[in-house]
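# Observations on chain architecture
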Amino acid sequence: MKTGEAPNSLGFLRVSEQEEQLYLALLRDRDDTTGHDPATLTRVLELGIVVRTTSGGLRALSPKRTLERLIEHQVGQLKDGLQETARLNKVAEHLSADGTPADAPGPLNPVVQQIEGLEAVRSVIDEVTFFAHTENLTTNPVGVLSAESIEISRPIDLRILRRGVRMRTLMASACLQDEKTIAYLRELATRGAEIRISAHPLERMIICDRAVALTPLDPDNTARGALLTREPGLVSTVVSLFERMWAAGQELPEEALPSLTETERRILETLYVVDKDETGARQLNMALRTYRKYVARLMDRLDADNRFQAALRARERGWI
């Protein structure tokens, strides 16, 4: 490295020097990509270390979140590569007792299967989505996702999106009233998922590549199990039902700006440019104790671990 030349600190995470320099420029609040290759901008957006705000600007994630995102990306790529190698080499089929492909219809894998129990259903979902190549269609008639459900779904959903599989998800309108659910849906949307909201009753289903479909044994008690079908006629019927429900749905609404007071907005702006609470309080001609109370409340609203992260998240969301 030449003297005075900036090190490529993120090179070990497969971020080029040009990509890192663009990220650092945006981290320093230079919302100007002049002089940077458009392909570099596209790449940092794909990596998720730079995001577009609701106002159309660009914001860099905090260093901590950037490292988490890049590490997650590398681990995901490694896992996907190993799984794809296993699939192409038909490892599961070779390990089966009689050499029959693990997911092929037959005496042990009929075109219509009854899957009993929630854990068995989750295992089947993981398997069929793993083998999806082009499209994954899902509905959620309840609309609200529990923390446990999100934790289970996230690695599966992100794996699908990383592999370039088209994901369309239709949610009941109750999701709009649940902060955790809507936050997760927005996370998926930023990764490329298509999300729609339905005000009409939905039928629960999962469809992969228009070749396999899962529907509940009992719509009122999904814990009982599911029916898995690979019969083309039945799958086609389920796909048609999904498309009708999808056409009646509405796009996921953009994140609304919060109702901030002028004082809260000014405090968020100081967090972005000052290092100490004393300095921020002095700039706003405010008592230090009062300033810190506002800061603590804003950090809680932004689910931030520190003041710098709160400022970045506020900028990312277009609050300031």
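Worth saying up front: this structure is predicted, and the values here are computed from it rather than measured.

### Topic: the overall build of the protein
Across its full length, the protein carries twelve helices and ten strands. Residues counted as buried form 39% of the 320 residues belonging to the protein. The contacts of the protein with a sequence gap of at least 6 include a subset with a gap of at least 24, amounting to 68%. Working note: accessible area of the protein is about 17,800 Å², and carbon and sulfur atoms make up 52% of it.

### Regarding the pattern of salt bridges
As enumerated under the stated definition, the model contains 16 salt bridges in all. Salt-bridge contacts for Glu251 lead to Arg196; the nearest nitrogen and oxygen are separated by 3.3 Å. Here the residue Glu251 occupies a position in strand 10 (residues 250-251), and Arg196 occupies one in strand 6 (residues 194-198), the gap between them amounting to 55 residues. Here Glu251 falls in the exposed class, since its relative accessible area comes to 53%. Salt-bridge contacts for Arg292 lead to Asp277; the nearest nitrogen and oxygen are separated by 3.2 Å. Taken together, the residues span a long stretch of sequence, with Arg292 in helix 11 (residues 288-301) and Asp277 in helix 10 (residues 277-283) at a distance of 15 residues. Accessibility expressed as a relative area gives 38% for Arg292, which makes it partly exposed.

### A closer look at the sheet that holds strand 3 (residues 112-116)
Taken in spatial order, the eight strands line up as 3-9-8-7-4-5-6-10 in an open sheet, and their pairing is mixed. The open sheet has two free edges, formed respectively by strand 3 and strand 10, since each of these has just one partner strand. Bridge count between strand 3 and strand 9 (residues 225-229): five bridges; the pairing is antiparallel. Counterpart to Ile115 in the pairing with strand 9 is Ala226.

### Some details on the confidence of the model for the protein
Taken as a whole, the protein shows an average pLDDT of 82; of its residues, 87% reach a score of 70 or greater. Confidence drops under a pLDDT of 50 for residues 1-5, and excluding neighbours within four residues, the segment shows three contacts in the predicted structure. Within the model, pLDDT remains below 50 along residues 104-108, and this stretch shows four contacts once partners closer than five positions in the same chain are excluded.

### Let's talk about helix 8 (residues 232-248)
Helix length check: helix 8, at 17 residues, gives a terminal C-alpha distance of 25 Å against a target of 24 Å (1.5 Å per residue), a fit within 8%. Every buried residue of helix 8 is listed here: Val235, Val238, Val239, Phe242, Met245 and Trp246. In a view along the axis of helix 8, the buried residues occupy a sector of 125°, so they form one face of it. Opposite the buried face of helix 8, at more than 90 degrees from it, the exposed residues are Thr237, Arg244 and Ala247.

### Side note on the packing of aromatic side chains
Within this structure, the stated rule accounts for two aromatic pairs. A centroid spacing of 4.8 Å and a plane angle of 70° characterise the contact between Phe130 and Phe131, whose relative ring orientation is edge-to-face. Classification of Phe131 as partly exposed rests on a relative accessible area of 23%. Centroid distance Phe242 to Trp246: 5.8 Å. Interplanar angle 20°. Geometry classified as stacked. One end of the pair is Phe242 and the other is Trp246, both in helix 8 and four residues apart, which spans about a single turn. Assessed through its relative accessible area of 7%, Trp246 is described here as buried. The side chain of Arg168 reaches across the aromatic face of Trp246, ending 5.1 Å from its centre.

### Focus on a nonpolar patch on the surface
On the surface, a nonpolar cluster with roughly 390 Å² of combined accessible area is contributed by Phe12, Leu67, Ile71 and Val75. Tracing the sequence through the fold places Ile71 in helix 3 (residues 63-88). A relative accessible area of 43% places Ile71 in the partly exposed class.

### Some words on the nonpolar core
In terms of nonpolar packing, the biggest core is built from 34 residues, with Ile49, Val50, Leu70, Leu268, Leu271, Tyr291 and Leu302 touching the most fellow members. For this core, the secondary-structure elements that each account for two or more residues are helix 1 (17-27), helix 2 (38-47), strand 2 (58-60), helix 9 (262-273), helix 11 and helix 12 (307-316). Excluding its chain neighbours within four sequence positions, the residues that come into contact with Tyr291 are Ile267, Thr270, Leu271, Val274, Asp277, Gly280, Ala281, Leu284 and Met286. Leu158, Val165, Cys175 and Leu252 belong to the second largest nonpolar core, which has 18 residues in total.

### Let's talk about unusual backbone geometry
Phi is positive for Asp209, which is not a glycine, with a value near 55°. Among the structural elements, Asp209 can be located in the loop between strand 7 (206-208) and strand 8 (212-216). Phi at Asn285 is positive, roughly 55°, even though this residue is not glycine. The topology assignment puts Asn285 in the loop between helix 10 and helix 11.

What counts, and where the lines are drawn
Residues numbered from 1 in each chain as written. Predicted model: local features only at pLDDT ≥ 70, side-chain atom pairs only at ≥ 80, totals over all residues. Heavy atoms only, no water. Helix = DSSP H or I, 4+ residues; strand = E, 2+ residues; numbered from the N terminus. Buried < 20%, exposed > 50% of the residue type's maximum accessible area, 1.4 Å probe, protein only. Contact = heavy atoms within 4.5 Å. Areas by Shrake-Rupley, 256 points an atom, 1.4 Å probe, with all protein chains shown as cover. Salt bridge = Lys/Arg side-chain N within 4 Å of Asp/Glu carboxyl O. Pairing = 2+ DSSP bridges. pLDDT = per-residue confidence, 0-100. Expected span 1.5 Å × (residues − 1). Arc of directions from axis to C-beta. Phe/Tyr/Trp six-rings, centres within 6.5 Å; stacked < 30°, edge-to-face > 60°. Lys NZ or Arg CZ within 6 Å of the ring centre and 35° of its normal. Patch = residues over 30% accessible without salt bridge, like charges linked within 9 Å, V, L, I, M, F, W, Y side chains within 5 Å. Core = buried A, V, L, I, M, F, W, Y, C linked by side-chain atoms within 4.5 Å.

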